[in-house]
Amino acid sequence: MTPPTIEELGKAAEDITWRVMGKGSTKSAYGEWFGVDKPVHDYHIARAIRHLATAQMMLHKSVPMPDGEGEDAIDHLERAVVRALFCWAQAKKELPRI
């Protein structure tokens, strides 16, 4: 496999963010993550870790894929990317830890 270029990774992050944020989920609609979720770094980090762990278990075939929400490993990986970006944005804005 040829490693992806920096441009390919950047474009993927952009596409993933638009897709995940535009789609929402059964728990939150478009944009609700900004106002509904707790404004703390730990919250988004914990959610990203949970999505990564779920994706890993699905890829190892130790849990069903798709899950009860109809999401597969790729969906969980994409949600982890967005959660990591939320935490990055909070850290860049130097939001206080509550």
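What you see is a predicted model, and the numbers here were worked out from it, not measured in a lab.

Conventions and cut-offs
- Residues numbered from 1 in each chain as written.
- Predicted model: local features only at pLDDT ≥ 70, side-chain atom pairs only at ≥ 80, totals over all residues.
- Heavy atoms only, no water.
- Helix = DSSP H or I, 4+ residues; strand = E, 2+ residues; numbered from the N terminus.
- Buried < 20%, exposed > 50% of the residue type's maximum accessible area, 1.4 Å probe, protein only.
- Contact = heavy atoms within 4.5 Å.
- Areas by Shrake-Rupley, 256 points an atom, 1.4 Å probe, with all protein chains shown as cover.
- Core = buried A, V, L, I, M, F, W, Y, C linked by side-chain atoms within 4.5 Å.
- Salt bridge = Lys/Arg side-chain N within 4 Å of Asp/Glu carboxyl O.
- Expected span 1.5 Å × (residues − 1).
- Axes fitted to C-alpha atoms, helices over the stretch in contact; angles between N-to-C directions.
- Parallel < 35°, antiparallel > 145°, perpendicular 65-115°, else oblique.
- Nonpolar A, V, L, I, M, F, W, Y, C, P; charged D, E, K, R; others polar.
- Patch = residues over 30% accessible without salt bridge, like charges linked within 9 Å, V, L, I, M, F, W, Y side chains within 5 Å.

1. As for the overall build of the protein
Helix and strand counts for the protein stand at 4 helices and 0 strands. Along the protein, from the amino end to the carboxyl end, the secondary structure elements read α-α-α-α. When the 98 residues of the protein are sorted by exposure, 28% land in the buried category. Across the protein, the fraction of contacts at a sequence separation of at least 24, relative to all contacts at a separation of at least 6, is 61%. Summed over its atoms, the accessible surface of the protein is roughly 7000 Å², and 64% of this surface lies on carbon and sulfur atoms.

2. A word on the nonpolar core
Side chains of a nonpolar character, in soluble globular proteins, are inclined to be buried together. One finds Ile16, Val20, Met21, Val82 and Phe86 forming the largest nonpolar core, which totals 5 residues. The set of elements that each furnish at least two residues to this core consists of helix 1 (6-23) and helix 4 (73-92). In terms of residues, this core owes the most to one element, helix 1, which gives 3 residues.

3. With respect to unusual backbone geometry
Backbone geometry follows two general trends: most residues other than glycine have a negative phi, and most peptide bonds adopt the trans configuration. Across the junction of Met65 and Pro66, the peptide omega takes the value 0 degrees, indicating a cis bond. Turning to its location among the elements, Pro66 is positioned in the loop between helix 3 (41-59) and helix 4. Phi at Lys61 takes a positive value of approximately 65 degrees, unusual for a residue other than glycine. Mapped onto the secondary structure, Lys61 falls in the loop between helix 3 and helix 4.

4. Regarding the pattern of salt bridges
Applying the stated rule across the entire model yields 3 salt bridges. Two residues, Arg79 and Glu71, come together in a salt bridge whose shortest N-O distance is 2.9 Å. Assigned by exposure class, Arg79 and Glu71 land together as buried.

5. Regarding helix 3
Its 19 residues place the ends of helix 3 27 Å apart at the C-alpha level, agreeing with the 27 Å of an ideal helix rising 1.5 Å per residue. Of the positions making up helix 3, those classed as buried are His41, His44, Ala48, His51, Thr54, Ala55 and Met58.

6. Looking at the packing of helix 1 against helix 4
Running from N to C, helix 1 and helix 4 cross one another at 95 degrees; their axes reach a closest spacing of 9 Å. Of the possible angle classes, the one that applies to helix 1 and helix 4 is roughly perpendicular. For the pair formed by helix 1 and helix 4, the contact residues are Ile16, Thr17, Arg19, Val20, Met21 and Lys23 on the first element and Asp75, Glu78, Arg79, Val81, Val82, Leu85 and Phe86 on the second. Looking at the contact of helix 1 with helix 4, its residues break down into 7 nonpolar, 1 polar and 5 charged.

7. Regarding the environment of Val20
Here Val20 is to be found in helix 1. For Val20 and Glu78, which are 58 residues apart along the polypeptide, the C-alpha to C-alpha distance reads 7.1 Å.

8. Description of a nonpolar patch on the surface
A cluster of nonpolar side chains, contributed by Leu52, Leu59, Ile74 and Leu77, occupies part of the molecular surface with about 360 Å² of accessible area. For the nonpolar patch, the elements supplying multiple residues, two or more each, are helix 3 and helix 4. Along the chain, the position of Ile74 falls in helix 4.

Remember that the coordinates give geometry; whether it matters functionally is a separate question.
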